[in-house]
Amino acid sequence: MAKIDEARGFQVIQCDGHGLRLLDQRLLPGEERWLDLADVNEAAAAIRDLVVRGAPAIGITAAYAAVLAARQRDGDTAGWRADLERLALARPTAVNLSWAVARMRACAESAGGPDADQLYQEACRIHEEDIAANRAMAVAGAEQIEPGSGVLTHCNTGSLATGGIGTALGVIAEAWRQQRLSRVFADETRPWLQGARLTAWELARLKIPFRVIVEGAAASLMAAGQVDWVVVGADRITARGDVANKIGTYMLAVLARHHGLRCMVVAPSSTVDANLDSGRAITIEERDPDEIWGAAGLVSVPEGFAAWNPVFDITPAELIDCIVTEQGAHFPPYDFSRPGTAL
Ligand code: MRU
């Protein structure tokens, strides 16, 4: 694995305009295996099967996949458009996926058709913009955190989930660098264990001391005075500031409010869905219950066992103290059409 670049993080999505390589996140931290994807169908499967995950990373992968599709379709615009439609359906909740697909479509329209070289340049721009947004958010978010603070994060929001240093994890890394943090906690994030496997892996690589907790420990941790900020990412943010993020985020926001702590959401503008007002309109992805049984260590499911596996939830804007985008820190009532401000 390449060394971590402080401004760009480490790159787990690599595309030269002809092939696409992804670090297989299903195997971490045990094994660092790269997958070479040949076409748009393999890219859609990689998104669906969580080889790559995290809202911005999904969007960037889709943008590069649109380039591969254009090379294969070789001027067949209708076929290319059908490829993109399938790609956009790979996962429903993160708006970055449909946002990136829309940008690639617009690029093809202005070029008079899906020209692979022009699309590759657009995909690289999407990737570079995310890297820059990550940097800006890290600085704006870290500024809100008082020295000596404890933070609790959820899921994985670092280089594995984005194009650059990350969203919430970028803020945590920057706050650590500025010596503002005394304690860092990561929720294990069931059932897929993005916290215990991926955030732990990233924090260890960044040499930031941390402890993983089971989700059920969050309330006790807060009651013990160990947490000042809950810092999380987002998969979709509505115009009023309702936030879809990994299942369990809503629970943390309720707990934070109960304990008088603050909740910060960190996400680029590409995660804001200005077309939606209420979070109730967001489609919540439900995945195979076998993910729950797998996390429980069950290889075969005993007769009569049943499970429900929604993988995102909605946190109402009223429970969020600050939403950081690359435009700065936003405070309630949220209005993303105006640049964010510092406190
Ligand atoms: O199911 P996942 O792992 O794709 O869910 C990821 C999250 O919920 C992240 O918090 C979100 O995408 C922000 S990543 C910068």
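How each quantity is defined
Residues numbered from 1 in each chain as written. Predicted model: local features only at pLDDT ≥ 70, side-chain atom pairs only at ≥ 80, totals over all residues. Heavy atoms only, no water. Helix = DSSP H or I, 4+ residues; strand = E, 2+ residues; numbered from the N terminus. Rg over C-alpha atoms; globule rule 2.2 N^0.38 Å. Contact = heavy atoms within 4.5 Å. Areas by Shrake-Rupley, 256 points an atom, 1.4 Å probe, with all protein chains shown as cover. Lys, Arg positive; Asp, Glu negative; His and termini not counted. Charge placed at Lys NZ, Arg CZ, Asp CG, Glu CD. Core = buried A, V, L, I, M, F, W, Y, C linked by side-chain atoms within 4.5 Å. Buried < 20%, exposed > 50% of the residue type's maximum accessible area, 1.4 Å probe, protein only. Domains from an automatic or database assignment. Axes fitted to C-alpha atoms, helices over the stretch in contact; angles between N-to-C directions. Parallel < 35°, antiparallel > 145°, perpendicular 65-115°, else oblique. Left-handed = near helix turned anticlockwise from the far one by under 90°. Pairing = 2+ DSSP bridges. Right-handed = clockwise from strand over helix to strand, strands pointing away. Phe/Tyr/Trp six-rings, centres within 6.5 Å; stacked < 30°, edge-to-face > 60°. Lys NZ or Arg CZ within 6 Å of the ring centre and 35° of its normal. Near = heavy atom within 4 Å. Polar contact = N/O pair within 3.5 Å; in protein donor to acceptor, adjacent residues only side chain to side chain. Nonpolar A, V, L, I, M, F, W, Y, C, P; charged D, E, K, R; others polar. Buried area = accessible area lost by both parts, 1.4 Å probe. Salt bridge = Lys/Arg side-chain N within 4 Å of Asp/Glu carboxyl O.

Here the focus is the overall build of the protein. Counting its secondary structure elements, the protein contains ten helices and 14 strands. Taken against the 2.2 N^0.38 rule, which gives 20 Å for 343 residues, the C-alpha radius of gyration of the protein at 19 Å falls within 12% of a compact globule. Dimensions of the protein along its principal axes, counting C-alpha atoms only, are 60 × 55 × 40 Å. Long-range pairs, those at least 24 residues apart, make up 75% of the contacts in the protein with a sequence separation of at least 6. Accessible area of the protein: about 14,000 Å², with a carbon and sulfur share of 52%. If you average the places of the 32 positive and of the 44 negative side-chain charges in the protein, the two averages end up 4 Å apart.

Another aspect to go through is the nonpolar core. In terms of nonpolar packing, the biggest core is built from 46 residues, with Ile 13, Leu 20 and Met 104 touching the most fellow members. Of all the elements in the fold, those that place two or more residues in this core are β1 (13-15), β2 (20-23), α1 (40-48), α2 (55-73), α3 (77-88), α4 (95-110), α5 (116-142) and α7 (194-205). Each of domain 1 (13-134) and domain 2 (143-330) gives at least three residues to this core. Apart from residues lying up to four places away in sequence, Met 104 is in contact with Ala 63, Ala 66, Val 67, Trp 80, Leu 84, Leu 119, Glu 122, Ala 123 and Ile 126.

On to the packing of α5 against helix α6 (residues 168-177). Direction vectors running N to C along α5 and α6 enclose 60°, while the axes themselves pass 8 Å from each other. On the basis of the axis angle, α5 is oblique to α6. Considering how the two elements wind past one another, α5 and α6 form a crossing that is right-handed. Facing α5, whose interface residues are Arg 135, Met 137, Ala 138, Val 139, Gly 141 and Ala 142, α6 presents Gly 170, Val 171, Glu 174 and Ala 175.

If you trace the three strands from one edge of the open sheet to the other, you get β1-β2-β3, paired in antiparallel fashion. Only two strands of the sheet have a single partner each, and these edge strands are β1 and β3 (34-37). Taking the axes of each pair of neighbouring strands and ignoring which way they run, one obtains an average angle of 20° across the sheet. Both β2 and β3 contribute to a ladder of four bridges, which runs antiparallel. Each bridged residue has a counterpart across the sheet, and for Arg 21 the counterpart in β3 is Asp 36. Across the sheet, α1 lies against β2 and β3, angled at about 140° from β3, the strand it touches most.

This part is about the pairing of strand β5 (residues 181-187). With respect to burial, β5 is a largely interior element, five of its seven residues being buried. Here strand β4 (residues 149-153) runs beside β5; their pairing, made up of five bridges, is parallel. Pairing of Gly 150 across the sheet is with Arg 183, part of β5. Where the polypeptide runs from β4 across α6 and back to β5, its parallel neighbour, the crossover connection is right-handed.

Following the criterion strictly, the structure yields four aromatic pairs and no others. For the ring pair Trp 293 and Phe 305, a centre distance of 5.4 Å and an interplane angle of 45° mean the geometry is tilted. On the criterion of sequence distance, the pair formed by Trp 293 in helix α10 (residues 290-295) and Phe 305 in the loop between α10 and β12 (312-315) is long-range, its members being twelve residues apart. Over the ring of Trp 201 we find Arg 205, and its NZ or CZ is 4.8 Å from the ring centre.

Now for the site of the ligand. The full set close to the ligand counts 17 residues, and Arg 53, Arg 91, Asp 235, Asn 245 and Lys 246 are the nearest of them. At a separation of 2.8 Å, an oxygen atom of the ligand approaches a polar side-chain atom of Asp 235. Here the ligand has 410 Å² of accessible area as a free molecule, and 99% of this is covered by the chains. Breaking the shell around the ligand down by element, the ones donating at least two residues are α2 and β9 (243-246). For the shell around the ligand, the per-class residue count stands at six nonpolar, seven polar and four charged.

For an interface, size is often stated in terms of accessible area lost upon the parts coming together. By the assigned domains, the protein splits into domain 1 (13-134) and domain 2 (143-330). Distance from the C-alpha centre of domain 1 to the C-alpha centre of domain 2: 24 Å. Taken together, the 28 residues of domain 1 in the interface contact 33 residues of domain 2. Approximately 2,500 Å² of surface area, both sides summed, lies buried where domain 1 meets domain 2, with 55% of it carried by carbon and sulfur atoms. Put simply, domain 1 and domain 2 have one salt bridge between them. A salt bridge links Arg 91 to Glu 285; the shortest N-O distance between them is 2.9 Å. The interface formed by domain 1 and domain 2 includes 20 residue pairs in polar contact (both at pLDDT 80 or more). For the side of domain 1 that touches domain 2, the secondary structure elements donating two or more residues are α2, α4 and α5.

A few words on the environment of Leu 206. Tracing the sequence through the fold places Leu 206 in the loop between α7 and β6 (211-213). Residue Leu 206 is classed as partly exposed on the basis of its relative accessible area of 31%.

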